Amino acid sequence: MIRRNFLRNFIVFIFAFIMGYKIKKEGGILVLEQVTSTLDNNETRLTDELMNLKKQSVDTANKVAVLSNVEINVLNYKAEKNNWVDAINFAISVAQQSIKKNCKPTLRFPLHPNGYRVTKTITIPNNINVIMDSPIVYAGKKGSVALIIGNPTDKIANSEVKLKLQAVREMTSDWKSESDIGILLINTNSSNIEVIQTKGFTIGCRFLGLGQGFSYNSVKLGTFYNCKVQCELTNIGFKGKPGWCNDNNFFGGRLSNASDIYRNMSRYGVRITSLDGSYKNNNNNVFWKTCFELQSPKGLGLEALPILIEHGNQNSFLKARDEGNTIFFARILNDSTENEFNVGYSASNNINIDDQSDYPASVATNSRTSVLEKANKLIFSSGNLIDKICNFDTTRKNIAGIMLCSSSNSSYSVAQSEISSDGDYITLSPTRAIGIRVNTNKTKRFVLKRDVLDSNSGRPAIRCYDSEMNILTGEKPSYVKGTITRRPSYWNDAFGGIYIQGSDKPGDFYFEVHQSVQFIDVLCQGGTLKSFSVFTLDNETATAFNPDAGHWGDKNLAIMPPTNGKGIKGKKIYNYNPIPGGYEGWICVEDGEPGTWKGFGLIEN
């Protein structure tokens, strides 16, 4: 009976709950009583509570956010008279109060027409991600910073944040105050940073270690435009502790100026320095494929210098673009050392660095000339030509150990006219060439280096032979190829057929010969030169020789003692036409012009 009553009562309770009845007990009997619905009252109460929560959310501007990765939208707050200072600062305060142990809120600046105009510096403290899809537009006083990221008083650096930043000056700076800065990042470590743009400031973006480090960051550079110093890596001491800027990777970036911007002032791409000299070893920062297009100013002593390193060691700039700048790509000062510069593209064949440092061990390379820099296996050096030249007779000259050629034929000889000597140089007419023969059986890639007078450099030229010493002529196949800036042309009517540089131009000449080429004559045609050398890039070496030297080797030759030119005591000239009763050669016994010469090595009758 008890069990049956329990089951009956349980079923009644379930029914009452589902149907909305109220259960009453009258005299031991369960009574069901229908209850008046309170749904309308409950909906009203719920709506009121939701409205109250919404009002609280708006009033506190998300201050009670408890979720991780909270995002605060700057557009949720209204600008006052086209000035976003108060709205942005309020959004920053909301973001600050949302910071928790495992929560770094994101302050977002969504796309907005004409950006976010401000008249005062915007400072965003540590541990806040910042995403700017439109820029801060600074319209404040001169000599101020538009945007500061980081708090110098924090003992712990701003770490592991994501920053997408951009700042534009409403009116371009006059470049006079270096306190006029677009973006200042302080003590940031191990973060993902993207600088979309910075325009019109004295210093576009400053990466600063202030009593701590700015280190281990990945920084993507965008458009840096119309700034005196586009990008600066620097440090300053704080409370007795040094700052540093080390081990950052910088990717891309176009650092440029308008063609008409302050043409009476110097300008700089990247500057690595120390503001107070407390730490002079900013090191191991690497810039990858940054473009420097600074626009050269007009005026004596003015410069457009892509890189200035005042205090920095072992920093690298790789595959950079050097265009529209002045002569030097980089300058290194003070005790800065061991920095590396590599240009991927340049309108010039050379990359020049001005290393004024105490330890000048920085290096520079250029992709355009990298093949020349790899030519380090010497196969021939002429030595100083002025020491090897002598009068062969009254009109012709001989150069010890060197092959002499005339454009009128394919032959070579021990003496030629239209060659002169003066001071430290010898000069060849355009119809004359000097050189050396090289066996190319195992090596095919070479570099000819000439020490020439730039104003009369002459041209490199190559004459090719097969294994039977037949001259190889024609353009198909091209038996000699060079670089795009020094492409050899084929001349069939000079020196028996040669491949020659297209114009008189100093500098090293790289060339590669066809597989069928077994010998070459490496020639210096025309010009004024001191010496020349031949290098190979291949693993094998090659034999260089003078085919006309015979048993004479590197001896000076003549058919008579000199009657003009400079004679140096002790110099010997060997008789090219020895006869019985004559001399083996002549020796200078007294300096002068031509000096005093006496025969030596009397030959028996």
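Parameters and conventions
- Residues numbered from 1 in each chain as written.
- Predicted model: local features only at pLDDT ≥ 70, side-chain atom pairs only at ≥ 80, totals over all residues.
- Heavy atoms only, no water.
- Core = buried A, V, L, I, M, F, W, Y, C linked by side-chain atoms within 4.5 Å.
- Buried < 20%, exposed > 50% of the residue type's maximum accessible area, 1.4 Å probe, protein only.
- Helix = DSSP H or I, 4+ residues; strand = E, 2+ residues; numbered from the N terminus.
- Contact = heavy atoms within 4.5 Å.
- Pairing = 2+ DSSP bridges.
- Salt bridge = Lys/Arg side-chain N within 4 Å of Asp/Glu carboxyl O.
- Axes fitted to C-alpha atoms, helices over the stretch in contact; angles between N-to-C directions.
- Lys, Arg positive; Asp, Glu negative; His and termini not counted.
- Polar contact = N/O pair within 3.5 Å; in protein donor to acceptor, adjacent residues only side chain to side chain.
- pLDDT = per-residue confidence, 0-100.
- Phe/Tyr/Trp six-rings, centres within 6.5 Å; stacked < 30°, edge-to-face > 60°.
- Expected span 1.5 Å × (residues − 1).

Caption draft 1: Spatial organisation of the nonpolar core. Formed by 62 residues in total, the largest nonpolar core has its most connected members in Ile88, Leu185 and Phe207. Of all the elements, helix H3 (residues 85-97) adds the most residues to this core, at seven residues. If near-sequence neighbours (up to four positions away) are discounted, phenylalanine 207 is found in contact with Leu185, Val195, Phe214, Val219, Leu221, Cys231, Glu232, Leu233, Thr234, Cys245 and Phe250. Judged by nonpolar contacts, the second largest core, of 34 residues, contains Leu428, Val480, Phe511 and Leu529.

Caption draft 2: Quick look at the pairing of strand S38 (residues 445-452). The pairing of S38 with strand S43 (residues 509-513) spans four bridges and is classified as antiparallel. Paired with valine 447 across the two strands is tyrosine 510, which belongs to S43. Bridge count between S38 and strand S44 (residues 519-536): seven bridges; the pairing is antiparallel. Considered in S44, the bridge of valine 452 is made with leucine 529.

Caption draft 3: Expanded view of the sheet that holds strand S46 (residues 557-558). The strand order across the open sheet built from four strands is S46-S47-S48-S49, with neighbouring strands paired in mixed fashion. Here the strands that pair on one side only, and so sit at the sheet edges, are S46 and strand S49 (596-602). Where S46 lies against strand S47 (residues 572-575), two bridges are found, and the strand directions are parallel. By the bridge assignment for S47, alanine 558 is matched with asparagine 575.

Caption draft 4: Local environment of the pattern of salt bridges. Per the counting criterion, the structure on display carries 21 salt bridges. Residue aspartate 133 is joined to lysine 164 by a salt bridge in which the shortest nitrogen-to-oxygen separation is 2.9 Å. Of the two residues, aspartate 133 sits in the loop between strand S7 (129-132) and strand S8 (136-138) while lysine 164 sits in strand S11 (residues 162-169), which places them 31 residues apart along the sequence. The salt bridge partner of aspartate 354 is arginine 331, with a shortest N-O separation of 2.8 Å. Of this pair, aspartate 354 sits in strand S30 (residues 352-355) while arginine 331 sits in strand S28 (residues 328-332), and the two are 23 residues apart along the sequence. With a relative accessible area of 13%, arginine 331 lands in the buried category. Overlapping salt bridges bring together Glu71, Arg108, Asp133 and Lys164 as one network.

Caption draft 5: Region of the structure containing unusual backbone geometry. Of note, the amide linkage connecting lysine 476 to proline 477 takes the cis form, showing an omega dihedral of -5 degrees. Mapped onto the elements, proline 477 comes out in the loop between strand S39 (459-465) and strand S40 (480-481). Put simply, glutamate 593 and proline 594 share a cis peptide bond, and its omega is 5 degrees. Even without glycine at this site, asparagine 82 takes up a positive phi of about 60 degrees.

Caption draft 6: Here's a closer look at the sheet that holds S28. Taken together, nine strands build an open sheet; the order of strands is S6-S9-S12-S15-S18-S21-S25-S28-S30 and the sheet is parallel. Only two strands of the sheet have a single neighbouring strand rather than two, namely strand S6 (122-124) and S30. If you compare each strand with its neighbour and ignore which way they point, the axes differ by 20 degrees on average.

Caption draft 7: Seen up close, the side chain of arginine 450. Assignment of secondary structure puts arginine 450 in strand S38. No salt bridge is formed by the buried arginine 450; the nearest opposite charge belongs to aspartate 508, separated by 7.2 Å. Within the structure, arginine 450 has its side chain in polar contact with the backbone oxygen of serine 457 (distance 2.7 Å). Side-chain polar atoms of arginine 450 contact the backbone oxygen of lysine 505, separated by 2.8 Å.

Caption draft 8: Summary view of the side chain of threonine 188. Turning to its location among the elements, threonine 188 is positioned in strand S13 (residues 188-189). Ignoring anything within four residues of it in the chain, the contact list for threonine 188 reads Asn158, Ile193, Gly213, Phe214, Ser215 and Asn217.

Caption draft 9: Main features of the environment of glutamate 468. Examined against the element boundaries, glutamate 468 turns out to sit in the loop between S39 and S40. Distance from glutamate 468 to phenylalanine 519, taken between C-alpha atoms, is 9.5 Å for residues 51 residues apart in sequence.

Caption draft 10: Here's a closer look at the confidence of the model for the protein chain. Considering every residue of the protein chain, the mean pLDDT works out to 89; 89% of them sit at 70 or more. Under a pLDDT of 50 for its full length, residues 35-43 has, in the predicted model, three contacts with residues more than four places off or in other chains. Per-residue pLDDT stays below 50 along residues 56-68; that stretch engages in 18 contacts with residues further than four places along the chain or on separate chains.

Caption draft 11: Quick look at the packing of aromatic side chains. Summed over all chains, the structure comprises 18 aromatic pairs. Ring plane angle 90 degrees and centroid distance 5.8 Å describe the contact between phenylalanine 292 and phenylalanine 329, whose orientation is recorded as edge-to-face. Here phenylalanine 292 is found in strand S24 (residues 291-293), whereas its partner phenylalanine 329 is found in strand S28, with 37 residues between them in sequence. No difference in accessibility class separates phenylalanine 292 from phenylalanine 329, as the two residues are buried. Ring plane angle 15 degrees and centroid distance 5.8 Å describe the contact between phenylalanine 317 and phenylalanine 341, whose orientation is recorded as stacked. One end of the pair, phenylalanine 317, is in strand S27 (residues 316-322); the other, phenylalanine 341, is in strand S29 (residues 340-346), with 24 residues separating them in the sequence. Across the pair, phenylalanine 341 and phenylalanine 317 agree in class, each one buried. Ring pairs connect the aromatic residues Phe207, Phe214, Phe250, Phe287, Phe292, Phe317, Phe329 and Phe341, which therefore count as one cluster.

Caption draft 12: Just H3, in detail. Its 13 residues give H3 an end-to-end C-alpha distance of 19 Å, which sits within 8% of 18 Å, the value for a rise of 1.5 Å per residue. Buried residues of H3: Val85, Ala87, Ile88, Ala91, Ile92, Val94 and Ala95, and no others.

Caption draft 13: Structural context of the pairing of S44. For S44, the buried fraction is high: 17 of the 18 residues fall into the buried class. Bridge count between strand S32 (residues 377-381) and S44: four bridges; the pairing is antiparallel. Paired with phenylalanine 380 across the two strands is valine 534, which belongs to S44.

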